[in-house]
Amino acid sequence: MRLENETAFITGAGSGLGRAAAERFAAEGATIVAADIDTDGLDETADRVADAGGEVTTHELDVRDREAFAAAVDATVEEHGLDIVLNNAGISHGRTDMETIEDDLRDRVIDINVKGVWNGCRAAIPHLKEQGSGAIVNTASLAGVIGAPKLSAYSLSKGAVVNFTRSIAAELGPHGVRANAVCPGVTDTPMPREDFGQGNWEETKAEMAKQYPLRRLGEPEDVANAMLFLASDEADWITGHALVIDGGYSIS
Ligand code: NAD
């Protein structure tokens, strides 16, 4: 098993990519610490991980709350140790022209997608540096690498995550800690269903898939597999990388 005796702290674990990562990492032997603002979603993730024989603890957490984040990470270190931090919680804002996005909504996107990742790293890095090992994986987006029309605030936030990840990777390398980002294209979770699926989602999905060389959108497991690779020792010489997982969309 690829994550035996390791503990992974995962935010946004109550849905979509975070839940898929929790299940995938647990299947590879990791103890899962699942955090989310949505307690119903968290409970479902915990049930799934436990039903499959995994070990899981949950924390109701708003990633914008730096003190609560630090407390949850400290408790994790105390109880289980900490090896992997997956800063994955995030929101989108629907497809909207730049000039019509309200400042409040833009700020909410930045607070959760950028400062949430910052808070997670701020909480975990002292522990990881002290032990001289650890892997951080931050969920950015293809929108943070190539941009995306009508997703300007979201792209702004995800571009920040990519470059922030590169910066901390350079800083943490000498301490034995790696940091990478994943940059998924559209992946079938509740998020794009809200952003793009105003009509019939299955029809929209089939239509969008035509723009992808591999002729399908991503499934949560596609991204969870990439997260697993970057979190595992197999990526031991990979840091500061922004891994695009997009079925070839960005080269088409
Ligand atoms: P999702 O909506 O299914 O899951 C997001 C999770 O984050 C939810 O459980 C939600 O409760 C949680 N969350 C939101 N705000 C929070 C907060 N303040 N504190 C704690 N938790 C909070 O969406 P998803 O597709 O699984 O998204 C996961 C990550 O992947 C996000 O960062 C998203 O931007 C990114 N992403 C998704 C796609 C995609 O197409 N699905 C593509 C690229 C990047």
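As the structure is a prediction and not an experimental result, all values here were calculated from the model.

**Q** Which parts of the structure should I look at to understand the packing of helix 1 (residues 16-27) against helix 9 (residues 220-231)?
**A** Angle between the axes and distance between the axes are the two parameters that describe a pair of packed helices. Taken N-terminus to C-terminus, the directions of helix 1 and helix 9 make an angle of 55°; their axes are 8 Å apart at the nearest point. Accordingly, the angle class assigned to the pair helix 1 and helix 9 is oblique. By crossing handedness, the relation of helix 1 to helix 9 is classed as right-handed. Contacts between helix 1 and helix 9 involve Gly16, Leu17, Ala20, Ala21, Arg24 and Phe25 on the former and, on the latter, Pro220, Glu221, Val223, Ala224, Asn225, Met227, Leu228 and Ala231. Its residues assigned to classes, the contact of helix 1 with helix 9 comprises ten nonpolar, two polar and two charged.

**Q** For this particular structure, what's the right way to read the side chain of Thr11?
**A** Note that Thr11 resides in strand 1 (residues 7-11). A polar contact of 2.8 Å, which involves the side chain of Thr11, links it to the backbone nitrogen of Asn88. With residues near it in sequence (within four places) discarded, Thr11 still touches Gly18, Ala35, Val63, Phe69, Leu86, Asn87, Asn88 and Ala89.

**Q** I tried to follow helix 4 (residues 103-131) on my own but got confused; where do I start?
**A** Residue pairs three or four apart in sequence face the same way in an α-helix, which turns once every 3.6 residues. Between the first and last C-alpha of helix 4 there are 41 Å, a value that for 29 residues agrees with the 42 Å anticipated at 1.5 Å per step. Of all the bends in helix 4, the greatest, near 35°, is centred on Ala124, and the proline Pro126 appears no more than four residues after it. Listed as buried for helix 4 are Val109, Ile112, Asn113, Gly116, Val117, Asn119, Gly120, Cys121, Ala123, Ala124, Ile125 and Leu128. Of the residues trailing helix 4, Gly132 is marked for its positive phi of about 75°.

**Q** Please clarify how the sheet that holds strand 1 should be interpreted in this entry.
**A** What holds strands together in a sheet is hydrogen bonding between their backbones, with the strands either parallel or antiparallel. With parallel pairing, seven strands are arranged side by side in an open sheet as 3-2-1-4-5-6-7. The sheet is open, and its two borders are formed by strand 3 (56-60) and strand 7 (242-245), each paired with just one other strand. Geometrically, the sheet is characterised by an average inter-axis angle of 15° between neighbouring strands, direction not taken into account. For strand 4 (residues 84-87) and strand 5 (residues 134-139), the ladder comprises four bridges, and the chain directions are parallel. Counted as the bridge partner of Asn87 is Asn138 from strand 5. Of the strands in this sheet, strand 2 (31-36) and strand 3 touch helix 2 (residues 39-51), which is tilted by about 175° from strand 3.

**Q** What's the story with the pairing of strand 2 in this structure? I'm lost.
**A** In regular strands, side chains alternate between the two faces of the sheet. With respect to burial, strand 2 is a largely interior element, six of its six residues being buried. Alternating positions in strand 2 separate into two faces, Thr31, Val33 and Ala35 on one and Ile32, Ala34 and Asp36 on the other, with burial throughout. In the sheet, strand 1 pairs with strand 2 via five bridges, with the strands oriented parallel. Opposite Ile10, over in strand 2, you have Ala34 as the bridge partner. Since strand 1 and strand 2 lie parallel, the crossover through helix 1 that links them has a hand, and here it is right-handed. Note that strand 2 and strand 3 share five bridges and pair parallel. Its bridge partner being in strand 3, Ile32 is matched across the sheet by Val56. As for the winding sense of the linkage, the β-α-β connection from strand 2 through helix 2 to strand 3 is right-handed.

Basis of the calculations
- Residues numbered from 1 in each chain as written.
- Predicted model: local features only at pLDDT ≥ 70, side-chain atom pairs only at ≥ 80, totals over all residues.
- Heavy atoms only, no water.
- Axes fitted to C-alpha atoms, helices over the stretch in contact; angles between N-to-C directions.
- Helix = DSSP H or I, 4+ residues; strand = E, 2+ residues; numbered from the N terminus.
- Parallel < 35°, antiparallel > 145°, perpendicular 65-115°, else oblique.
- Left-handed = near helix turned anticlockwise from the far one by under 90°.
- Contact = heavy atoms within 4.5 Å.
- Nonpolar A, V, L, I, M, F, W, Y, C, P; charged D, E, K, R; others polar.
- Polar contact = N/O pair within 3.5 Å; in protein donor to acceptor, adjacent residues only side chain to side chain.
- Expected span 1.5 Å × (residues − 1).
- Bend = angle between axes of the 7 residues up to and from the residue.
- Buried < 20%, exposed > 50% of the residue type's maximum accessible area, 1.4 Å probe, protein only.
- Pairing = 2+ DSSP bridges.
- Right-handed = clockwise from strand over helix to strand, strands pointing away.

Spatial relationships are all this shows, so hold off on functional conclusions.
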